Amino acid sequence: MSTLKDKIIACLKENGADLVGFSNVDRFADKIPQKIFPETKTVIGIAFRILRGSHRGTEEGTTYYQYSTTGIEALEETVMPMAMLKACGILEDHGFAGLPQKRNQTIMSEADSTNPEVDYMGIYRGVDSECQLDFENSAVLCGLGELGFHGTLLTDDFGPLQRYCFILTDAEFEQTPIAEQRLCDNCGECVAACPGKAISADGKKDPWQCAAYYKGANMKKNPFMPAEAFADAPERLAIITGEAKLSSERAREIIDQIIFYPPIKQGYVSSICGKACDISCYVHLEKKGVLRKKFNSEFRKREEWQLPILEINETA
Ligand code: SF4
Ligand code: SF4
């Protein structure tokens, strides 16, 4: 006879989840789960793969919508909520409560930070984040995977290519062991791959630098940037070659000018950088043969491309 745990896992997988892990709430030293839902006994971590195909357009420099629509929006706004609602329904049918926790993209405790995935204007800053899980840390505590050098969750199945969410519940389950640190070998390729040098040598990401280059401030990696872009900027060459060191104010000004690719009509920004940090990590782990999910051909088919830096009034 299947247990409640079996039923929860089966329900989540039937609704699109790929990985499910369980953590006793005692693993959470910050006690944030209990601040959100005081009776929490277990945190259930749920990971959903980002389709490898959704990154092929940016890898080849052809189309740039798929990662934001299928790799972020569809997962965050449709698949994850549905899977969590159904699993919470099963918990309720057994007399327990379940509280879904999706990553909040627009609320942050820092007074001057940002989230590259959304419009910086839509973010509420300086908000007490005691009511939000630390998503990366929570994923590790639920045994989903390990943190890579640049702070991204890496799993045995998909490397850096997944998104994840959590259910807080008053039901108790046997917990999943915490994953051994075995995928990240500190190769540094995630740092080197960023077209805006947004990741420092110690693996920390500058969110404003990332936001400007996520949106495509580097001409060498943005097929849509016209020659006259940033024509009035005194540091134009530094901006479009990814060498500029941007303050948050300057990053805002630059982001406002990067309108070379039609925006998608939802809340997520198109990633023109193609999440090069994660993709370089994925390519590295795939080459090493350490990922469980195998494909019939390698993700990277050819040398990485780079476009020329155009002088103003020059066309590509
Ligand atoms: S690219 Fe290398 S250093 Fe960066 S997270 Fe992946 S394995 Fe670790
Ligand atoms: S590669 Fe893209 S997502 Fe990664 S740090 Fe650089 S700009 Fe940000």
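Model, not experiment: these values are computed from the prediction.

Moving on: the site of ligand 2. Around ligand 2, the surrounding shell holds 13 residues, and the nearest of these are Cys194, Cys210, Tyr213, Cys273 and Cys277. Those elements that provide at least two residues to the shell around ligand 2 are helix H7 (207–214) and helix H10 (276–288). Here the shell around ligand 2 takes 3 residues from H7, the largest share from any one element. A per-class count over the shell around ligand 2 returns 10 nonpolar, 1 polar and 2 charged.

Next up on the list: the domain arrangement of the protein. Note on interface size: it is often stated as the accessible area lost on association of the parts. Segmentation of the protein into domains returns domain 1 (4–105 + 133–169) and domain 2 (189–288). The straight-line distance from the C-alpha centre of domain 1 to that of domain 2 is 27 Å. Between domain 1 and domain 2, the contact holds 19 residues from the first and 22 residues from the second. Secondary-structure elements contributing two or more residues to the side of domain 1 that touches domain 2 are helix H3 (56–60) and helix H4 (66–93). Per-element tally for the side of domain 1 that touches domain 2: the top contributor is H4, with 5 residues.

Of all 8 residues that make up H7, 7 are buried, and the element is covered over most of its length. Buried residues along H7 sit in contact with helix H9 (248–257). Trailing H7 by a residue or two, glycine 216 shows a phi angle of about 110 degrees, which is positive.

The 4 strands are arranged E1-E2-E6-E3 in an open sheet whose pairing can be described as antiparallel. Where the open sheet ends on each side, the last strands, each with one partner, are strand E1 (19–24) and strand E3 (98–101). Averaged over all adjacent pairs, the angle separating strand axes in this sheet is 25 degrees, with direction ignored. Sheet analysis places E1 next to strand E2 (residues 42–49), joined by 6 bridges and oriented antiparallel. Of the residues in E2, the one forming a bridge with glycine 21 is glycine 45.

The rules we used
Residues numbered from 1 in each chain as written. Chains lettered and ligands numbered in written order. Predicted model: local features only at pLDDT ≥ 70, side-chain atom pairs only at ≥ 80, totals over all residues. Near = placed C-beta within 6 Å. Helix = DSSP H or I, 4+ residues; strand = E, 2+ residues; numbered from the N terminus. Nonpolar A, V, L, I, M, F, W, Y, C, P; charged D, E, K, R; others polar. Domains from an automatic or database assignment. Contact = placed C-beta atoms within 7 Å. Buried ≥ 20, exposed ≤ 12 C-beta atoms within 10 Å, placed from the backbone. Pairing = 2+ DSSP bridges. Axes fitted to C-alpha atoms, helices over the stretch in contact; angles between N-to-C directions.

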